[in-house]
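Spelled out, the chains give:
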Amino acid sequence: MTQLILALTVGILFACGAYLVMRRGKIKLILGLGLFSHGVNLLLFGSGEMILGKPAIFNDKANFLGELATRSFADPLPQALILTAIVISFGITAFMIVLLNRRDTLLGSEIMENELAPGYDWLVYTDDDLEEQRQKQAESKGNGSSKISGGEPL
Amino acid sequence: MLLGFLASLFISGILLWWSRPHNKPIIGWLSVLPPGLITVWQVLRIPEIAAGNFYTERWEWMPSLGLDVSFRLDGLAVLFGLIVAGVGAGVALYTHYYLEKKPSQGYFYLALFSFMASMLGLVWADNLLTLFVFWEGTSITSYLLIGFDHEKAQARTGARNALLVTGAGGLAMLVGLVLLGQSAGSYSISQIVAADGLRESAYYSVAVVLIFVGAFTKSAQFPFHFWLPGAMSAPTPASAYLHSATMVKAGIFLLARMHPALSDTPLWFWGLLIFGGITMLIGAFFAIGKYDIKALLAYATVSQLGILTMLLAFGSEYAVLAAVVGVLAHALYKGPLFLVAGIVDHATGTRDMSRLAGLLRAIPLTGLAAVLGIVSMAGLPPTFGFLAKELLLENGWEMIGHGETLAGWLVFGGGAIAGALFVAYSLTLLWEVFLRRKADATDAAHVHHPPSFGFVLAPLVLVLLGTAAPFLLGPLALLIDPAATAISNETIHSHLALWHGFTPVLITSLIAIGSGTLLFLGRAHFRRLLASLPKNLQGDLLFEQGLRGLYSLARRTTRLVQDHTLAGHAAVVLLVAVVPVVAALSYTSISELLPDLTGEVLTGPEMIMALLLVIAAWATVRAKSRMSAIISLGVVGVTVTLFYVFFSAPDLALTQLLIEVLTLVLLVLVFYKLPDDKRPPQGRLRQAGIVFVSFCAGVVGFVLVLFNSSEAMNAGTAISGYFTDNSVPLGHGANIVNVILVDFRAFDTMGEITVLAVAALGGYALLRAPAARLLSPLLNEANTTEAEEMEETDRA
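In this text, all values refer to a predicted model and were calculated from it rather than measured experimentally.

Description of the overall build of chain A
Step number 1: When you go through chain A residue by residue, the secondary structure sums to five helices and zero strands.
Step number 2: When the helices and strands of chain A are read in sequence order from the N terminus, they spell out α-α-α-α-α.
Step number 3: Residue burial in chain A is summarised as follows: out of 154 residues, 50% are buried.
Step number 4: Partitioning the intrachain contacts of chain A with sequence separation of at least 6 by distance along the chain shows that 49% fall at a separation of at least 24.
Step number 5: With an accessible surface of roughly 7,400 Å², chain A has 61% of that area assigned to carbon and sulfur atoms.

Okay, structure coming up:
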């Protein structure tokens, strides 16, 4: 039962995270990634048996063999993996936040969708675009020379 | 020894490059030494090889893969080895004069000598994989040599086509060679050749077809022949050496090498006969229509390669001897003729036959070399070329006599037609360039730069060797017989002679010469006919179109997969993740994965936490304001923390809580003040797409958890058992999670800390970066005028 509930929860977290990542908006990307990383952590958590109230800690180090024999505590390995994952995802989130902030101060507005920064048009690969670009280049060559000759102080 | 030779060639290439040979004639002469010494060494080996003592060498490279560097000097290897090293010595000298005073001469030497080493390795190799490595080596060095004049678009196109065609063929051949090696159980060529039962192997036909593809691409057989004329944009020494005397014969060499093991089946026979025959005829046919001397010689080479391919279809003594003599004769007349074409180009400034005339008188030594070469190319008696052609016709005649009428007549008739065409274009070349008094074109070219003796020496020596050869057939048998024996795997004792009496073969030969002369006289009509052929059937144009189609396909796929929006990229990544999950589901069913629910009660803290999580996640998605979205995310985080608390993970709960608070603070600090997004919402269709992809992602997450917790996947316990058992004895810690992190997997934690440090450094750098205008190229372009104005005011 617990597994089924966990599965449904993880599924919903994945769906919500994916939806937010794909929407436009200033922080939706970060929120989406946050939901996603929670989902992934819970997914990892589900690989061990979910046991209520029995952490993987020996109460008495001297007599640990007795506890080991029953093996009634939670699986420590997924926990160790998740611990690493939490910390790393925080590092990435923090960096993303700073990066988005930086982009915002640089451009004054968001460019995420269909808009390319000026001067970066060549990033678009389409046959028509390339053809257009060639024409533009040819034109600008003509214009450029006229600009130089016209712009020079007489 | 042999490997040492290859290394010495490579090293001398580098030395030549360093010595800047373009203004030091002595170095041009010194460059003859390495290939010359290798030639002499091989000549000294001939008697031993003729006696059946083959020189072998073997180094283990990767024994587990059957990969050795092994060489074996048998008759065939020494025949090709002599051609490669001998012609190579001549070409090395010639290069110095051809690339007179060009600073890039040293680079050409480096590429040339690297090629020579690859080609020698190829013909000496006794291991299929060794052979393949050297084979690819020749493709690459050939690319460098064709593209030597890389400022010219023609050279670049020619080089690219040659590399693509021979490279693709080489890869096909690799598969064929591996299949062959696997079915023979050995990659050693001498063992494969000696093995029985290869023809009955299940992989036989696939392997043979793939090896054909490799050989046909390399040796410019129809329909891959177009790259060879395109490769003529190489400097003439490279054309003479690679694209006439040596590299294009690598395919022939491979077929000859594999002949004992693979021949004598219908696939082998008809495959080689048909493709070789077509190549022979179209090559000879198109050669007549060319005005460029090099183009004419290139098509003639294609035709000759077709003849050699066709001959290898047979196993008879005549055919094998004809192939061996043909290879030798071709190297000794076509190589020098190319060199002569280069001298003519150098002396007059053109290779256009319509502008040339009477060069025999103007440059007599070059003319002598040319005349001797052309007579052999035409197959007029008593030359080496004549002998090769006689053997070819003899083979056809013998087949007819043995009742194999169809194949026999195909060879006999095709050989006779090709013979006539050979005569026609040879006479055209001889008459128009060297004999006639006046050129066709009004702007006739004149010799303004007569060649020095060193320039003419190489073609002259080679062509004199070729002329003398038919009169020295006795000693030559020492070279020819072992080579023929290696091809047919039966001991062959040739009794070659120029004169066989008045046989039907000789009469046919004479008729071919006669009709060739008639064709020569009527060549004007012939050239007009060839010029009127539709242009869009040319192989290189079709290839170009195919390439362009490939490029545009690539662009289309790129545009489809990367639509330069974040949503598009994310959608592609997520949908790709669906594929393996669906594939895994096809092995089991979802009902098997679902846990048994009978008798379970819906209680417990997990129900409440799950509900809370779902509601908070939904609130994050639907939040109207940025602040409420951030807070909802915080709620999700805290609920997950609770989850960890209940399910025995106190360390996780602690970490998660701390991180959650930090993230929340950062988000609020940075994003609270930023202005709102002013862009229009996404379109309906796009939104529907996003919802669909999100749904898929959700299903993936759901199924993954079920897979992860199913009985079959319970692989994790095996690993964690080690950690629980050894946490106290080895790690001396009671908290197993902590021990794993700081002890057992300490390096992972180290990596994790590194990631944090890098993120912190990056964030710090971004926050401290100077004002936008100075750094960002994209803004610089947009605000150029502004920046300029500012600079001006600054200056003022």
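Regarding the layout of surface pockets
Residue and element names in this part refer to chain B.
Step number 1: Here the largest pocket defines a volume of roughly 1,400 Å³.
Step number 2: Forming the boundary of the largest pocket are 44 residues, of which P229, G230, A295, Y299 and D540 lie nearest the centre.
Step number 3: The set of elements that each furnish at least two residues to the lining of the largest pocket consists of α7 (153-184), α10 (227-230), α13 (266-288), α14 (293-311), α15 (317-348), α23 (523-531) and α24 (539-561).
Step number 4: Residues of the lining of the largest pocket, tallied by class, amount to 20 nonpolar, eleven polar and 13 charged.

Describing the interface of chain A and chain B
Step number 1: Counting residues at the interface gives 94 residues for chain A and 113 residues for chain B.
Step number 2: Summed over both sides, the interface between chain A and chain B buries roughly 9,500 Å², with carbon and sulfur atoms accounting for 75% of that surface.
Step number 3: Per-residue buried area on chain A facing chain B is highest for M1(A), M22(A) and F90(A); these three make up 8% of the total on that side.
Step number 4: One can count zero salt bridges joining chain A with chain B.

Section: the pattern of salt bridges
Residue and element names in this part refer to chain B.
Step number 1: In this structure the tally under the stated criterion is twelve salt bridges over all chains.
Step number 2: Across the salt bridge formed by K102 and D149, the nearest N and O atoms sit 3.5 Å from each other. Note that K102 is positioned in the loop between α4 (75-98) and α5 (105-124) and D149 in the loop between α6 (128-146) and α7, a separation of 47 residues in sequence.
Step number 3: Owing to a relative accessible area of 33%, K102 belongs among the partly exposed residues under this scheme.
Step number 4: The network of salt bridges with common partners includes R72, D74 and R257.

Here we look at the nonpolar core
Step number 1: Judged by nonpolar contacts, the single largest core of 182 residues is most densely connected at W124(B), L131(B), W227(B) and L262(B).
Step number 2: Ranked by the residues each element gives to this core, the list is headed by α15(B), at 20 residues.
Step number 3: Those residues in contact with W227(B) that lie beyond four places of it in its chain are N161(B), A162(B), V165(B), T166(B), T217(B), K218(B), A220(B), H243(B), M247(B) and V248(B).
Step number 4: Listed in part, the 81 residues of the second largest apolar core include L4(A), A7(A), F723(B) and V737(B).

Some remarks on unusual backbone geometry
Residues and elements named next belong to chain B.
Step number 1: Along the chain, F222 connects to P223 via a cis peptide bond; the corresponding omega equals 0°.
Step number 2: Tracing the backbone through its elements, the reader meets P223 in the loop between α9 (204-218) and α10.
Step number 3: Positive phi values are uncommon outside glycine, yet A220 reaches one of about 55°.
Step number 4: Topologically, A220 is positioned in the loop between α9 and α10.

Side note on the side chain of E390(B)
All names here are of chain B.
Step number 1: Mapped onto the elements, E390 comes out in helix α18 (residues 384-401).
Step number 2: We note that E390 is buried and unpaired, the nearest opposite charge coming from K389 at a distance of 5.7 Å.
Step number 3: A polar contact is formed between the side chain of E390 and the side chain of S509, at a distance of 2.8 Å.
Step number 4: Those residues in contact with E390 that sit more than four places away from it in its chain are V505, L506 and S509.

Scoring rules and cut-offs
- Residues numbered from 1 in each chain as written.
- Chains lettered and ligands numbered in written order.
- Predicted model: local features only at pLDDT ≥ 70, side-chain atom pairs only at ≥ 80, totals over all residues.
- Heavy atoms only, no water.
- Helix = DSSP H or I, 4+ residues; strand = E, 2+ residues; numbered from the N terminus.
- Buried < 20%, exposed > 50% of the residue type's maximum accessible area, 1.4 Å probe, protein only.
- Contact = heavy atoms within 4.5 Å.
- Areas by Shrake-Rupley, 256 points an atom, 1.4 Å probe, with all protein chains shown as cover.
- 1 Å grid on protein atoms, 1.4 Å probe; cavity = no way out; pocket = protein on both sides within 12 Å on 5 of 7 lines; lining within 4 Å.
- Points joined across faces, edges and corners; volume = space filled by probe spheres on them.
- Nonpolar A, V, L, I, M, F, W, Y, C, P; charged D, E, K, R; others polar.
- Buried area = accessible area lost by both parts, 1.4 Å probe.
- Salt bridge = Lys/Arg side-chain N within 4 Å of Asp/Glu carboxyl O.
- Core = buried A, V, L, I, M, F, W, Y, C linked by side-chain atoms within 4.5 Å.
- Lys, Arg positive; Asp, Glu negative; His and termini not counted.
- Polar contact = N/O pair within 3.5 Å; in protein donor to acceptor, adjacent residues only side chain to side chain.

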